Amino acid sequence: MTNKYNNIISYISSPLVQNKVLNMGCYLLTNLKEENLKDVMKQIGMTEGFDVGLEMSGSPAGLSDMIHNMKHGGKIALLGLQGTETKVDLETVIFNGLNIRGIYGRKVWDTWYKMSTMLQAGLDISPIITHRFDIKDYEKGFEAMISGNSGKVVLDWSHIND
């Protein structure tokens, strides 16, 4: 799969998901625990930082690294839940004019709409789906996610009223 973006880089610590994202158009995969993002940026010739960052893991270290490697005016979407211990370098956020937005509530509906549009246009996300469960077995889905050995977990609601 090809993408229209030049540098899609993913920080993923789950070995199960790492290979899957490379097959979906991710330009480069790196592991926050093993590599420094500045070194990765040099490796691919990036000098200004990222335009967009999506923090989905809830990792305080990942968020900090992202903030310090964004372009001026860059946009960060927070989808992972950060703990209360997470520290944010507001000086960097302010002086670099970063836009940070938490995504929840009605914004989730907006992102679902955008995703459905991308799916209808042919985006294949099947490679990152690792588990499927009936909604009645939702606890198994949460167990898979908590284990750290899952990609996306899909819960099937089609038999909810059976």
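Above this note sits the structure.
Residues numbered from 1 in each chain as written. Predicted model: local features only at pLDDT ≥ 70, side-chain atom pairs only at ≥ 80, totals over all residues. Heavy atoms only, no water.

*Asks:* So what's going on with the overall build of the protein? Residues and values would help.
*Replies:* Secondary structure assignment for the protein yields six helices and seven strands. For the protein, the α and β elements follow one another from N to C terminus as β-α-β-α-β-α-β-α-β-α-β-α-β. Long-range contacts, defined here as pairs at least 24 residues apart, represent 39% of the contacts in the protein between residues at least 6 apart. When the accessible surface of the protein is split by element, carbon and sulfur atoms take 55% of a total near 11400 Å². (Helix = DSSP H or I, 4+ residues; strand = E, 2+ residues; numbered from the N terminus. Contact = heavy atoms within 4.5 Å. Areas by Shrake-Rupley, 256 points an atom, 1.4 Å probe, with all protein chains shown as cover.)

*Asks:* Tell me about the sheet that holds strand E3 (residues 50-55), and please be specific about residues and values.
*Replies:* The three strands are arranged E3-E4-E5 in an open sheet whose pairing can be described as parallel. Among the strands making up the open sheet, the edge pair consists of E3 and strand E5 (99-102). With strand direction ignored, the average angle separating the axes of adjacent strands in the sheet is 10°. In this structure, strand E4 (residues 70-78) lies alongside E5, joined through four bridges in parallel fashion. Residue pairing across strands places Lys75 opposite Asn99, the latter belonging to E5. Helix H3 (residues 60-67) rests against E3, E4 and E5 of the sheet, and its axis sits at about 150° to E4. (Pairing = 2+ DSSP bridges. Axes fitted to C-alpha atoms, helices over the stretch in contact; angles between N-to-C directions.)

*Asks:* Describe a nonpolar patch on the surface, with residues and values.
*Replies:* Where nonpolar side chains cluster on the molecular surface, the patch consists of Val88, Leu90, Ile94, Phe95 and Ile100 and spans about 520 Å² of accessible area. Looking at the element boundaries, Phe95 is found in helix H4 (residues 90-95). (Patch = residues over 30% accessible without salt bridge, like charges linked within 9 Å, V, L, I, M, F, W, Y side chains within 5 Å. Salt bridge = Lys/Arg side-chain N within 4 Å of Asp/Glu carboxyl O.)

*Asks:* Describe the side chain of Asn69, with residues and values.
*Replies:* Within the element layout of this structure, Asn69 appears in the loop between H3 and E4. Aside from chain neighbours lying at most four places away, what touches Asn69 is Leu37, Lys38, Met41, Gly49 and Phe50.

*Asks:* Account for the pairing of strand E7 (residues 152-156), with residues named and values stated.
*Replies:* Where strand E6 (residues 129-134) lies against E7, five bridges are found, and the strand directions are parallel. Each bridged residue has a counterpart across the sheet, and for Asp134 the counterpart in E7 is Asp156. Of the crossover connections in this fold, the one passing from E6 over helix H6 (residues 138-147) to the parallel E7 is right-handed. (Right-handed = clockwise from strand over helix to strand, strands pointing away.)

Everything listed here is a matter of geometry and, on its own, says nothing about what the molecule does.
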